Amino acid sequence: MAATRLIALHQHKGKSIAACLKDRTDYAQNPDKTEKGELVSSYQCSPLTVDEEFMLTKKLYEQATGRSQKSNVIAYQIRQSFRPGEITAEEANRIGYELASRFLKGKHAFIVATHTDREHIHNHIIYNSTALDGTRKFRDFFFSGLAVQRLSDLICLEHQLSVIEKKPYRERQKRITYPPRESNRDRLCGIIDEILQQEPTDYEEFLQKLEQQGYEIKRGKYTSVKGARQKRFIRFKTLGAGYSEEEIKAVLAGRAKHHPHQKQPPKEQTFQLLVDIQAKLAEGKGGGYERWAKKHNLKEMSKTLIFLQQQKISSADELKECADAALSRYHELGDSIKTSEKRLAEIAVLKAHIINYAKTRPVYDAYRKAGYSKKFLEEHCTEITLHKAAKAAFDESNLKTLPKIKELDAEYSKLLTEKKARYPDYRKARDEMQELLRAQKNIELFFDEEKDPKQTEHSR
């Protein structure tokens, strides 16, 4: 089974045609993806100078026809992907060469680069948009991509490979559920779980197995790793409970048991907001949208009523009281978290000033004994500036006696613990508040729609 795609390669802004051709062909012939160039074949050009030969053909076209390039299409690429485990890389390269030869009929130079860096082997076929004789260019006709797919299927059948079976439109199944996207951290946690199941002898062997999985290890105060397609390193301690460096070492030493992280599925929304049908119709929506919106409103209103029954709310006034109470609770928890964050920031700044004040005090005393000498100030400008800034901060805060660093550290630790403990309640209060406000808005909109027909009949 081979899936194909025909892509027009354009000239990028700020780059010459030659530079763009070199970028595209160099990527296709990447030695790390083509077994050091062993899986690269070509027709009427050399893989080493393919970009220059493409440019020579384009100059020949300008001399022969007197026309300059109007469009920014400089070449074309066919991507041909095969089913994992069905074909070897060498055979895939031969099939890609045959596809290009039969599709282009020998009129355009091309290269075929087979990549093996993914689970599925795939070809990058790049051919010049200008013909070899320099008299014409490739015409990207309507359904040219479909022609490439049909020719690829025919070649696959000739080589006894499977093809994609096309089903009638009515027999196709629509995708309703989509697989959740796996983040880099979730993938790393899964690999750590697999390695720990193998029971490495020590931490060094554990890191070696991570390197075998394609991760780059960075040692330091905190060990961090980076995958092949990641931009940043990830520290073990940021992966959550059970994945810090100390916890992994304890598991390897047999002092603790590893519990794999179970990712919690996102909480589904109980009901959605109703659609204001009249407002949407005024914006220009048609009859089809109106029919969909009426069904949507009926479903969401039924879910809203079920939610109110579960919450034992029987009237609009009671719903308003519950919504106001939830809103007040949400703001109260939010304000307490903000107060803690403000005090944490103040402690951090005050601690920094106290440390700077203590470190620079001998220098400032010497500066004062030197009669505030300009020469001394120039030599110790940084220390004196830090000392003055710390003193100004103490005066602004009306601190007559400086607190001890240990006391500030203890207060900081206590506030941080309390702040983290409030977050679950804060998130729960936020969700309850949003549900009640959404239900309140749905009830109001539903009764407004019920009133409209009566008002129109009365006006008539």
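Check the entry above for the structure.
These lines cover the structure that appears in this document, whether it is placed above or below. (Residues numbered from 1 in each chain as written. Predicted model: local features only at pLDDT ≥ 70, side-chain atom pairs only at ≥ 80, totals over all residues. Heavy atoms only, no water.)

### With respect to helix α1 (residues 17-28)
Rules: Strands are runs of DSSP state E lasting at least two residues, helices are runs of H or I lasting at least four, and both sets are numbered from the N terminus onward. Between the first and last residue of a helix there are one fewer steps than residues, each counted as 1.5 Å, and that sum is the expected span. Exposure is judged per residue with a 1.4 Å probe applied to protein chains only, and the accessible area is read against the type maximum: over 50% gives exposed, under 20% gives buried, and values in between give partly exposed. Arc definition: directions from the helix axis to the C-beta atoms. Only heavy atoms matter for contacts: two residues are in contact if any of them lie within 4.5 Å across the pair.
In this model, α1 (twelve residues) spans 17 Å end to end at C-alpha, consistent with the 16 Å of a helix rising 1.5 Å per residue. Of all the residues in α1, the buried ones are Ile17, Cys20, Leu21, Arg24, Thr25 and Ala28. Down the axis, α1 shows its buried residues gathered within 120° of arc, on one side only. Residues of α1 that are buried in the fold lie against β1 (2-10), α2 (50-65), β3 (73-82), β4 (110-115) and β5 (122-128).

### A look at helix α5 (residues 184-197)
If you check α5, its first and last C-alpha atoms are 20 Å apart, about what 14 residues at 1.5 Å a residue would give, namely 20 Å. For α5, the set of buried residues is Leu188, Cys189, Ile191, Ile192, Asp193, Ile195 and Leu196. Summarising the contacts, the buried residues of α5 are in contact with α6 (203-212), β7 (224-226), β8 (234-235) and α7 (245-252). A positive phi of about 55° marks Glu199, the residue just after α5.

### Describing the pattern of salt bridges
The condition that has to hold: By definition, a salt bridge exists where a carboxyl oxygen of Asp or Glu is found within 4 Å of a side-chain nitrogen of Lys or Arg.
Counting across every chain of the model gives 19 salt bridges. Residue Glu204 is joined to Arg219 by a salt bridge in which the shortest nitrogen-to-oxygen separation is 3.1 Å. Taken together, the positions of Glu204 in helix α6 and Arg219 in the loop between β6 (216-218) and β7 put the pair 15 residues apart, joining distant regions of the chain. With relative accessibility at 39%, the residue Glu204 sits in the partly exposed group. In this structure, Glu346 and Arg343 form a salt bridge, with 3.3 Å as the shortest nitrogen-oxygen distance. Note that Glu346 and Arg343 are positioned in helix α10 (residues 316-369) at a spacing of three residues, about one turn of the helix. On the accessibility criterion, Glu346 (37% relative accessible area) is partly exposed. Exposure remark for Arg343: the relative accessible area of 28% places this residue in the partly exposed category.

### Considerations on the sheet that holds strand β2 (residues 40-43)
Strand pairing in a sheet relies on backbone hydrogen bonds. The paired strands run either parallel or antiparallel. As a reminder of what qualifies: Two strands are said to pair when DSSP picks up at least two bridges between them. Axis definition: a line fitted to C-alpha atoms, over the contacting stretch in the case of helices. Angles run 0 to 180 degrees between N-to-C directions.
Read from one edge of the open sheet, five strands run β1-β3-β5-β4-β2, paired in antiparallel fashion. Of all the strands in the sheet, the pair left with one neighbour each is β1 and β2. Averaged over all pairs of adjacent strands, the angle between their axes in this sheet comes to 15°, without regard to strand direction. Where β2 meets β4, four bridges bridge the pair, whose relative direction is antiparallel. Paired with Val40 across the two strands is Ala113, which belongs to β4.

Purely spatial values, then, with no claim about function.
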